[in-house]
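# Observations on chain architecture
Residue strings, one per chain:
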Amino acid sequence: MITCGCTFATYSVNNHSVRRFVNTGIEGLSITSLSVPSFIENGTRAYVDLDCVYNFTEEDNYLVVKWYYNDDTSPIYQWIPELRSRRVSDKFQNRIDLSFSNTPFRFTKYRGFRILNPTTELSGKYSCHVTSANGIDDANKLMVIYGETSCLELPTEQSISYMLKGCSAGKSAFHGG
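Residues numbered from 1 in each chain as written. Predicted model: local features only at pLDDT ≥ 70, side-chain atom pairs only at ≥ 80, totals over all residues. Heavy atoms only, no water.

### A short note on the overall build of the protein
- Looking only at helices and strands, the protein features 0 helices and 11 strands.
- Ordered by position from N to C terminus, the α and β elements of the protein give β-β-β-β-β-β-β-β-β-β-β.
- Across the 177 residues of the protein, 41% fall into the buried class.
- Nonlocal contacts in the protein, meaning residues at least 24 apart in sequence, comprise 55% of its contacts between residues at least 6 apart.
- When the accessible area of the protein is evaluated, it comes to approximately 10100 Å², of which 47% is carbon and sulfur surface. (Helix = DSSP H or I, 4+ residues; strand = E, 2+ residues; numbered from the N terminus. Buried < 20%, exposed > 50% of the residue type's maximum accessible area, 1.4 Å probe, protein only. Contact = heavy atoms within 4.5 Å. Areas by Shrake-Rupley, 256 points an atom, 1.4 Å probe, with all protein chains shown as cover.)

### Quick look at the environment of S33
- Mapped onto the secondary structure, S33 falls in strand β3 (residues 30–35).
- For the pair S33 and N140, spaced 107 residues apart in the sequence, the C-alpha separation amounts to 9.9 Å.
- If sequence neighbours within four positions are ignored, S33 has contacts with D51, C52 and V53.

### What to know about the packing of aromatic side chains
- Tallying each qualifying case throughout the model produces 8 aromatic pairs.
- With 5.2 Å between their ring centres and 85° between their planes, W67 and F113 make a pair best called edge-to-face. Of the two residues, W67 sits in strand β6 (residues 64–69) while F113 sits in strand β9 (residues 113–116), which places them 46 residues apart along the sequence. Summarising the burial analysis for this pair, W67 and F113 share the class buried.
- Between Y69 and F92, the ring centres sit 5.5 Å apart and the planes meet at 70°, which makes this aromatic pair edge-to-face. Remark: F92 occurs in the loop between β8 (85–88) and β9 and Y69 occurs in strand β6; sequence separation between them is 23 residues.
- Within the aromatic cluster, the residues linked to one another by ring pairs are Y54, F56 and F107.
- Over the face of the ring belonging to Y110 we find R86, whose NZ or CZ atom lies 3.6 Å from the ring centre.
- Over the face of the ring belonging to Y47 we find R114, whose NZ or CZ atom lies 3.8 Å from the ring centre. (Phe/Tyr/Trp six-rings, centres within 6.5 Å; stacked < 30°, edge-to-face > 60°. Lys NZ or Arg CZ within 6 Å of the ring centre and 35° of its normal.)

### Here we look at the side chain of S132
- Secondary-structure assignment places S132 in strand β10 (residues 124–132).
- In terms of polar contacts, S132 uses its side chain to reach the side chain of D60, at 2.8 Å.
- Those residues in contact with S132 that lie beyond four places of it in its chain are L29, D60, N61, Y62 and L63. (Polar contact = N/O pair within 3.5 Å; in protein donor to acceptor, adjacent residues only side chain to side chain.)

### Considerations on the state of the cysteines
- Applying the stated criterion to the full structure yields 1 disulfide.
- Shown here is the disulfide that connects C52 with C128, its sulfur atoms set 2.1 Å apart. Here the disulfide of C52 and C128 is left-handed, its torsion about the S-S bond being about -90°. Separated by 76 residues along the polypeptide, C52 in strand β5 (residues 47–55) and C128 in strand β10 bring together distant segments of the chain. Residues C52 and C128 agree in their burial class; the two are buried. (Disulfide = S-S within 2.5 Å.)

The quantities given are spatial measurements derived from coordinates; they are silent on function.
What follows is the structure in C-alpha cells.
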C-alpha cells in the first residue's frame, strides 16, 4: 500500500517520453513504514513478507533500495529500479522468492522481499536503506523466530516480558535448542 499523495509524471529525456511514478505531497525521500513481523513461531509459515514503504519525488533520481541483516555491512538484498537490477546475497540466495513483488509500480515494485520458510537462524535485525541522488533514509526492525523450549529469565535489568506473554511452564518465546 502506498501511503503518499502519488501520481504519474510524464517528461522528456533525450527525446524519449518517460513516465514515472512520483510523490507530489512530500518534500523528499523518506521511509514512512517498515513492515517486518516482530514474532513468528518456527515452522508455522511458508513465507514472510518484508516491506519498506517510502515517499519520493521526481528529484529522487538513481533510487536504490538495500536491505541489511543484523550488523552485516553487505546488503542481503538490493534493488535498483532504473537499472531493473536485483541482487541477493549468498546467505539468502535460496531463501528469497524473486518472483514476489510488493506493488505493480516500477519504482516501488521490489522495495521489499519474501523470505521462504523462515526459521530460527533468520531471527535478527532487518534494516532498509533507501537512497537517491537527492536523499537517504533508513529504518530497522527486529524479527524473532521462536520455537518451544522452557521459560527463561534474562540476567539484565532490561525487561522483555512482552515477548513472553503466553509463556507457561515448559513453553517460551525463545528457541533454546
